[in-house]
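The chain contents come next:
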Amino acid sequence: KFSASIPVYFPRTGWVEQKPLEILESVKTSVGNLLKRHPELTSENTVVGFDNQGETFILWNKNIGEAVTPAIVWQDTRGQKICEDLLTTNA
């Protein structure tokens, strides 16, 4: 098991973000450490799982291969009003 810490940013009250490239670098670091310790994992029968807070999301431009938003972390509250409105209208 390997992990890498990723900084969390609070650009405004209620906003909680991470930088997509920092997430990518943390994955590369963890995979590198894993392969150094277990070189046999490069075989065709290896499965590796990754997790970064399941409710975090990033919008990615597939044409240019870059993120167009920061990673919006599950604690972020900027969508709270929309959710509350949906609950009151039974949508």
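That block above? That's the structure.
Residue positions within a chain follow its written sequence, with the count starting from 1. It should be noted that, the model being predicted, local features are given only for residues of pLDDT at least 70 and side-chain atom pairs only at 80 or more, the latter also being counted only at that level, while totals for whole chains, interfaces and linings use all residues. Excluding hydrogens and water, the side-chain figures rest on all heavy atoms present in the structure.

Q: I'd like a rundown of the packing of aromatic side chains, residues and numbers included.
A: Centres within 6.5 Å make a pair out of two Phe, Tyr or Trp rings, where for Trp the six-membered ring is used; the pair is then stacked when the planes are under 30 degrees apart, edge-to-face when over 60, and tilted otherwise. Overall, the coordinates contain 0 aromatic pairs when judged by the stated rule. Over the aromatic face of Y9 sits the side chain of K19, whose NZ or CZ is 4.7 Å from the ring centroid. Geometry around W15 places R78 over its ring, the cationic atom sitting 3.7 Å from the centre. Criterion for a charge above a ring: Lys NZ or Arg CZ within 6 Å of the ring centre, and within 35 degrees of the ring normal.

Q: Could you give an account of the pattern of salt bridges, naming the residues involved and the relevant values?
A: One side chain can pair with another of opposite charge once the charged atoms of both are near each other. Salt bridges are identified by distance alone: a Lys or Arg side-chain nitrogen within 4 Å of an Asp or Glu carboxyl oxygen. In this structure the tally under the stated criterion is 4 salt bridges. A salt bridge links K28 to E25; its shortest N-O distance comes to 3.6 Å. Within this pair, K28 and its partner E25 are both found in helix α1 (residues 20-37), separated by 3 residues, close to a single helical turn. Taking the relative accessible area as the measure of exposure, K28 reaches 49% and is therefore partly exposed. Through salt bridges with shared partners, a single ionic network connects E17, D76 and R78. Each helix is a run of H or I in the DSSP string that is no shorter than four residues. Each strand is a run of E no shorter than two, and both are numbered from the N terminus. Burial here depends on accessible area, computed with a 1.4 Å probe over protein chains only, as a share of the maximum for the residue type. Under 20% is buried, over 50% is exposed, and the range in between is partly exposed.

Q: Quick one: what's the story with the environment of F57, residue by residue and with numbers?
A: With respect to the helices and strands, F57 occurs in the loop between α1 and β2 (60-61). The sequence separation of F57 and E17 amounts to 40 residues, and the corresponding C-alpha distance is 9.6 Å. Setting aside chain neighbours within four positions, we find F57 in contact with P70, A71 and I72. We call two residues in contact when some of their heavy atoms are within 4.5 Å.

Q: Can you tell me about the side chain of E17, naming the residues and giving the values?
A: In this structure, E17 sits in strand β1 (residues 17-18). The definition of a polar contact used here is a pair of N or O atoms within 3.5 Å, where within protein one atom must be able to donate a hydrogen and the other to accept one, and adjacent residues in sequence count solely through side-chain atom pairs. Within the local environment of E17, its side chain forms a polar contact with the side chain of R78, the two groups lying 2.8 Å apart. Each residue touching E17, except ones within four places of it in the same chain, is listed here: P7, V8, Y9, P11, P70, A71, I72, V73 and R78.

Q: How would you summarise α1 if you had to cite specific residues and measurements?
A: To estimate how far a helix should extend, the number of its residues minus one is multiplied by 1.5 Å. An ideal rise of 1.5 Å per residue puts 26 Å on 18 residues; α1 measures up with 26 Å between its terminal C-alpha atoms. When α1 is considered as a whole, its buried residues turn out to be P20, I23, S26, S30 and L34. Projected down its long axis, α1 carries its buried residues within an arc of 120°, all on one side. Set apart from the buried face of α1 by more than 90 degrees, the exposed residues are L21 and K36. Contacts made by the buried residues of α1 are with β1, β2, β3 (66-67) and β4 (71-72). Directions are taken from the helix axis to each C-beta atom, and the arc is the one they span.

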